[in-house]
Amino acid sequence: MMIKKIDKHNNRLFAKRKLVNTIGLSLSISAMLIGMVILFWILTVLFIKGFSEIDLEMFTMSVPSPGSEGGGLLNAIVGSLLLVGTCTLISTPIGIMAGLYLSEYGDRSSIAGITRFITDIMLSAPSIVIGLFVYAIFVAQIKHFSGWAGTVALALIAVPVIVRTTENMLRLVPGSLREAAYALGAPKWKVAFKVVLKAAQSGVITGVLLAIARVSGETAPLLFTALNNQFFSLNMNAPMANLPVTIFQFAMSPYENWNGLAWGGALLITMAVLLINIVARLAFKKEKLS
Amino acid sequence: MNKKQAQIAKTQRIQDFVFQYTTQFCAFFVLLVLLGIIISLCIDAWPALSQFGPGFFFSTEWDIIGGEFGGLVAIYGTLVTSLIALLIAVPLSFGIAVFLTEICPNSLRRPFGTAVELLAAVPSIIYGMFGLFFFVPPFAKYIEPALAASFGQIPVIGILFSGSFNGIGILCAGLILAMMILPFITSIMRDVFEIVPPVLKESAYGIGCTTWEVIRRIVLPYTSSGVIGGIMLGLGRALGETMAVTFVIGNAHSISPSLFAAGSSIASTLANEFGEAEEGAHLSSLFVLGLALFVITLIILSLAKLMLVKMEKAKGVKT
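Residues numbered from 1 in each chain as written. Chains lettered and ligands numbered in written order. Predicted model: local features only at pLDDT ≥ 70, side-chain atom pairs only at ≥ 80, totals over all residues. Heavy atoms only, no water.

1. Regarding the overall build of chain B
Scanning chain B from N- to C-terminus turns up ten helices and two strands. Going residue by residue from the N terminus, the α and β elements of chain B occur as α-β-β-α-α-α-α-α-α-α-α-α. The C-alpha atoms of chain B give 25 Å as radius of gyration, which overshoots the globular expectation for 319 residues (20 Å, by more than 25%). The principal-axis extents of the C-alpha atoms in chain B amount to approximately 85 × 65 × 35 Å. Put simply, of all contacts in chain B between residues at least 6 apart along the chain, 75% involve residues at least 24 apart. Carbon together with sulfur atoms contributes 68% to the accessible area of chain B, which is approximately 14100 Å² in total. Looking at charge distribution, chain B has the averaged site of its 17 positive side-chain charges lying 21 Å from that of its 18 negative ones. (Helix = DSSP H or I, 4+ residues; strand = E, 2+ residues; numbered from the N terminus. Rg over C-alpha atoms; globule rule 2.2 N^0.38 Å. Contact = heavy atoms within 4.5 Å. Areas by Shrake-Rupley, 256 points an atom, 1.4 Å probe, with all protein chains shown as cover. Lys, Arg positive; Asp, Glu negative; His and termini not counted. Charge placed at Lys NZ, Arg CZ, Asp CG, Glu CD.)

As structure tokens, then:
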């Protein structure tokens, strides 16, 4: 009698716990579904609106003037490549050197700890403020917008990304490798530069690729630095056309062909960024990015 | 021979010295940038700060022609949109992180994890365009009327869901922001969930806990500081996000109790006005807004980082 009662109580409790479990897990699965729906919704929209815009003209002609037909994005594409390219050239050595310091020299010192902390914060600092900063120290001094200012703004965003991935990758290199090199009489800088960095090469390249992916889509820091340019120009000392700002201006404009070009550019830039991301991940499949 | 060795040792010492200080300088470069940002923003913000005083942060005035400026509208917009984004993104991220670490079959973890990371890689301007052209129309047509019909009837909160259904506005900006920060919060939650020692979970399963109970009573308490850190990191991102918000917030310099109304955030104000601002009070006021944004995000991100460092330490003692 008594046992039966307890059993009944237990069964009810068990049923309740099971129900809570089922509800919780279904909510979790629906959250995942919502996430996937958002991703596919965005990608589908991009493809539907952007794919028809991508043609030869887009890569061979500069942006059209207001109201005129046709035109492409040549100047913006070239400008973006120039900005991101120069940014990579500047930020890669700085980022790798800083990463080397944090992992090989600074290690556990408090100064390295502070640097790490600040780097992590700069990693998510608002990019528009970086744009303001470069405007204040660069554009306001030379009194005109310039491609170099855009490069500097992008580099300030890329450096923390490279520093942190480089350091994490260097830390994965086993200590015995360093010791072996020291035993052969190699000086510290050679160990750091030619042994440790070499061993972590693929990881470091991944970091640089991720940094490139991150800055290629950045719009906010370019608004007050490189600005934009309607014409084809390779002069880094003048306002420079670039894809993100062109997309921004064209998407907000009342002209239909401008809107179309904005979607084409948006598809182009997203595909480039996603592709770099996937390549970076594939290139570095075995070791884990932390 | 000895002389030659000494010579080599000497060059190596010099090389070592140069190399070490070059790397050190590069590492301090980031610190210099941070200090530089704060100092240069302060210098450029000073004229407006001294002209309007602390009242700047409590004034809703934004009169470009009359030269009267106040930051309350933009600060309000920034905080409210970020808050909405957090309210929506946190439960979703938690669900996805739970799915990825506890429910998902092992073979599917990688593709799903990558998909979430790709969502994080999509440039913010794409979210903005997507929001303006594809999210706003159905949002104005179906969701806003539905919200007004359900929550709009409740006293007090009802006022949040009143007004005309334009689609564009504070609520919409919050939703787009939620989509943007979702992958950031998710990936941190997933990372911290993964460091829970399997022994703890297995013991709980061993005494008959359900998966949900394990998550609720074992995983969550163990990772609480990491989870909070992840949420704050998401908040930091949301506060400073520019492009996604600029497209959908409506860019109006007014504060309205309704969430459907257009507003502006610090970042959207900067994006819209900075390029055309005249030297003087206007430009300087924009610098004040930028400085305020930077200081707020710095504080939030530092707290987030401290939380995550605490988590890292827990990871150290896991075995």
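2. So, the nonpolar core
Judged by nonpolar contacts, the single largest core of 195 residues is most densely connected at I128(A), F224(A), I37(B), Y127(B), F274(B) and F287(B). By residue number, the principal contributor to this core is helix α5 (residues 170-194) of chain B, which donates 16 residues. Those residues in contact with I128(A) that lie beyond four places of it in its chain are A220(A), F224(A), G240(B), T242(B), A267(B), L270(B), A271(B) and L293(B). (Core = buried A, V, L, I, M, F, W, Y, C linked by side-chain atoms within 4.5 Å. Buried < 20%, exposed > 50% of the residue type's maximum accessible area, 1.4 Å probe, protein only.)

3. Some points on the interface of chain B and chain A
Tallying the contact residues gives 83 residues for chain B and 78 residues for chain A. Overall, the association of chain B and chain A removes approximately 7300 Å² of surface from exposure, summing both partners, and the carbon and sulfur fraction of that is 82%. At the boundary of chain B and chain A, one finds three salt bridges. For R17(A), the salt bridge goes to E213(B), with nearest N and O atoms at 2.7 Å. The interface formed by chain B and chain A contains eleven residue pairs in polar contact (both at pLDDT 80 or more). (Buried area = accessible area lost by both parts, 1.4 Å probe. Salt bridge = Lys/Arg side-chain N within 4 Å of Asp/Glu carboxyl O. Polar contact = N/O pair within 3.5 Å; in protein donor to acceptor, adjacent residues only side chain to side chain.)

4. Details of the side chain of N229(A)
Residues and elements named next belong to chain A. The residue N229 is located in the loop between α10 (220-223) and α11 (243-251) in this model. Residue N229 is classed as buried on the basis of its relative accessible area, which comes to 18%. For N229, the residues in contact, after removing those within four places along its chain, are N75, P239, M240 and A241.

5. Topic: unusual backbone geometry
A negative phi holds for most residues other than glycine; trans holds for most peptide bonds. Residue and element names in this part refer to chain A. Unusually for a residue other than glycine, K143 sits at a positive phi of about 70 degrees. Summarising the element assignment, K143 is placed in the loop between α5 (127-142) and α6 (147-172). Residue K143 is classed as exposed on the basis of its relative accessible area of 71%. Positioned with a positive phi, L227 is a non-glycine residue whose angle comes to about 55 degrees. Here L227 is to be found in the loop between α10 and α11. Judged by relative accessible area, L227 falls into the partly exposed class, the value being 27%.

6. Observations regarding the confidence of the model for chain B
Any segment with low pLDDT has predicted coordinates that should not be analysed in fine detail. Counting all residues, the mean pLDDT for chain B is 90, and 98% of those residues have values of 70 or more. With pTM at 0.91, the complex prediction returns an ipTM value of 0.90. (pLDDT = per-residue confidence, 0-100.)

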